[in-house]
Amino acid sequence: MVLSFLAVWLVRVLRAVPVPLALIAMIGLAGAALGRVYAGPLLTWLVLGAAVGSVLVSVAARRLPSWLVAPVSVLAMAGWTAWSLRLTAARAELPGGLTEVAADAAANGIPRLLTAMIPVEPTPDTVLVPLVAAWLAGLAGAEVAMRAGRVLLGYLPPVLLYAAALYVVGPNADPAIGPTLALVAVAVLGLAVPAGGPARADPAAGLDPAVRAAVRARLAAASAAGLAVVVGLVALLGPLLAGQVDGRPVDPRRYVEPPQVETLDENPLIRISGWALNPGQQLLDVRTQRSGPLDSAPAPDAGPGDAGRPVPIRLAVLSDYDGVTWRVGATYRNAGRILPVTAPAVDSTVETVRQEISVAGLSGRLLPAVATPREVTGARVAYDPTTGTLIRPEGLTPGLRYSVTSALETPDANLLGTADVPAGEEVARVLRVADGVPDPLRRLAAQLAESNGAPYARAAAVEQFLAEHYRLVADAPSGHAYPNLNFFLFGPRNAGGQRGTSEQFAAAFAVLGRLTGLPTRVVVGFRAAGDGPVRAGDAYAWPEVLFEGLGWVPFDPLPRPDEEPRPVEEDFRPAPEDPPPSEVPEPTVEPTASPEPVAAPGGPADAGPSTALLVGGGTGGMLLLVVAALLTLLLMRRSLTRGRLERGDPGQRIAGAWREVTDALGLAGHPVGGDLSASEVAAHARRAVADARDATSGPPPDARLPRATAEVGNLDARMDELAGLLNQTAFAPGTATAEQAARAVTTAGEYVAALRAARPWWRRLLWSVRPGPLRWRR
């Protein structure tokens, strides 16, 4: 009797186990597919834990009413998620309590996941969305497959989760052939074993033989029709899908704008003159620990091969020059504690430098660090691996403390004399010479390169010429455009020429170097004379030249303190020119729009294997996906609008208000051509509102005609004012006021509201969720 009972129990267990195991395995495979772009296996294990927890909760609560399972499972999900967030925060050494970390992860999970640098470090904000999605997929799949007995439909949530994981990975990992085949195999095995649900009665049992035969014939016909549809779909879609196997997947990261910086962070070179006039201001406090094959490393002001001086702290690397402004030109990606490792130059030695830095008076988003950073703790950072520049997206605040571990490269000075410089598309960015070079600069560069054939000899000649002929002063005006450099190099001394800050020395070296065929860039940073405070007087700029096998080599074109500069006329005689005005930085007109995440919780299916449950569950799942997509688009659109209208300086807000107007015209079917001026666009916008109103409702009633006409006329006048403000920000940067920006924002909002109100009701409903403004070229 006991053996018979055990045998029956064992059979029931074996019949009930395959489907839960299949669901757990499928969700775990989705975690493995997503984990290919994460650093380490932690995310895969956390997703697998969510799969086990969600499915086991449904198994344990299978005798409870269906409406009670979802709340119990959500409570278990909250516990698992909280533990996972605490674990990842501790591993990443993030400051703050669990509540603060969880709130930040919930507010920024999706944008940070899509802007994070690959490999992505498992942190609270990069694991929250995968964990919640995995748990909800397990809950929905288990309820439909086990409670309703619809195994195939129960596989839909894990399959959708797997497809979403592949989409998020995009082209950033090798094809997931193994996990995909494993997913199919697990699904087939789960279908091959009968589910442990209630036995299904024969629908034709108990009927008359004739009726039973008719019912069975209809069932057979329906099955044959379904099989024919499946075969047809396979025949139709199979070749199309096979043709996409070798195609490059779409990268969803291109739809999310990475962290942006303000003008002063894009071009910190213009801050040198301000710091030079206030040298006593404390910017940082630094503690340094060095280890490695070198006892000391050369600083840029020491010159190549001159070791023994303190290593400089780098603030930013500026690689792009358009003849007016040097810019960082970086694409920042949110990074974890461990930064991507780049291979050091072949003929260089590497020293490990660890620094603890406290921020005092330094502002902006750029995060100082010794080149090249490898690990950052104590601050959330974004990183550009091309230049090695770090930023803190939230901005620097007094009292911020963080630690940086860097791999400092030192080239072999004995190889510099014979080293060559790279060429080709890979270094075209640092070889580019903008149009409009003054003729004296070209002639000076040709003269310096004429008798110096080797690349290092040309760089040394430029360095020596600048150090011997020009004076370093603290009160020189900021500016490094072509006219500024021309006056710095060749202007008369009695009129302020031939003197400047390190800004002009570094910029002049970089431009002259590129004119002689050298790949150059400008670096802004600080001299750190041991442990202690770093002040504004320690800030300076230096140029670097790229050599094959040696990497970026710093040069020092600054004059020696004990040497009197020789007149330039002794070696070069250009025509003198008048001094240009100080350079005014152009405002950055591209604001940052950070979308906010949306999580749509799902509920379990009702008990029972009825067709209504099948249709309702499938429809409800699809409805949840549609609602989640619409909510995500709505929040992304609103975040884009807030970023345009509320962030940045007045010029940026005016430009953002104008983009709101042009996007509204595009949504209304009146796109703006690229050849129209601002005043022409304003006239086009007025016509668009008038046409839309006439098409939908005709003229307003007589009783409200004066008021409506006045409102339209007032809006038309303000649109003209908005066009004028846009022209002002374009041709007179920095002159717009906060009051003008506020009027521009108000005008844009009223115009968009008026244009939307004139649209048909169904177009008004879809206005805020149309994705066009998110992908239109900026």
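The numbers attached to residues start from 1 for each chain and follow its sequence in the written order. Per-residue local features of the predicted model are confined to residues with pLDDT of at least 70, and side-chain atom pairs are confined, for both listing and counting, to 80 or more; whole-chain, interface and lining totals are unaffected and use all residues. Side-chain measures here rest on the full set of heavy atoms in the structure, leaving out hydrogens and waters.

This paragraph deals with the overall build of the protein chain. Under the DSSP-based scheme used, a helix requires at least four consecutive residues in state H or I and a strand at least two consecutive residues in state E, with every element numbered from the N terminus. Helix and strand content of the protein chain: 23 helices and 16 strands. Contact between two residues is taken to exist if any of their heavy atoms lie within 4.5 Å; hydrogens are not considered. In the protein chain, 79% of the contacts between residues at least 6 apart in sequence involve partners at least 24 apart. Methods summary: accessible areas were calculated by the Shrake-Rupley approach with a probe of 1.4 Å, and residue burial reflects only the protein chains presented. Looking at the protein chain as shown, the accessible area adds up to about 36,800 Å², and 61% of this sits on carbon and sulfur atoms.

What follows concerns unusual backbone geometry. Residue alanine 371 is joined to threonine 372 through a cis peptide bond whose omega torsion reads -5°. For threonine 372, the position within the fold is in the loop between strand 6 (348–359) and strand 7 (373–377). Phi is positive for glutamine 498, which is not a glycine, with a value near 60°. Its location among the elements puts glutamine 498 in the loop between helix 15 (482–490) and strand 12 (499–500).

Averaged over every residue, the pLDDT of the protein chain is 81; the share at 70 or more is 81%. pLDDT under 50 marks residues 195–199. Its contacts with residues more than four places away, or in other chains, come to five contacts. pLDDT expresses how confident the predictor is about each individual residue, on a scale running from 0 to 100.

Below, the discussion takes up a nonpolar patch on the surface. Candidate patch residues must exceed 30% relative accessible area and have no salt bridge, after which like charges are joined if within 9 Å and Val, Leu, Ile, Met, Phe, Trp or Tyr side chains if within 5 Å. Salt-bridge detection follows one rule: a side-chain nitrogen of Lys or Arg within 4 Å of a carboxyl oxygen of Asp or Glu. Taken together, the side chains of Trp761, Trp762, Leu765 and Leu766 define a hydrophobic patch exposed on the protein surface, amounting to about 500 Å² of accessible area. Note that leucine 765 resides in helix 22 (residues 761–767). With a relative accessible area of 61%, leucine 765 lands in the exposed category. Here's how the labels work: a residue is buried when its accessible area is under 20% of the maximum for its type, exposed when over 50%, partly exposed in between, all with a 1.4 Å probe on protein chains only.

To continue, consider the sheet that holds strand 8 (residues 381–384). Two modes of strand pairing occur in sheets, parallel and antiparallel, and in both the strands are linked by backbone hydrogen bonds. With antiparallel pairing, the three strands of this open sheet are ordered in space as 5-8-9. Each end of this open sheet is capped by a strand with a single partner; those strands are strand 5 (333–335) and strand 9 (389–391). Put simply, the sheet's adjacent strands are angled 40° from each other on average, direction ignored. In this description, strands pair whenever DSSP reports at least two bridges between them. Bridge analysis of strand 5 against strand 8 gives three bridges, and the strand direction is antiparallel. Considered in strand 8, the bridge of arginine 333 is made with tyrosine 383. Working convention: axes come from line fits to C-alpha atoms, limited for helices to the stretch in contact. Angles between N-to-C directions cover 0 to 180 degrees.

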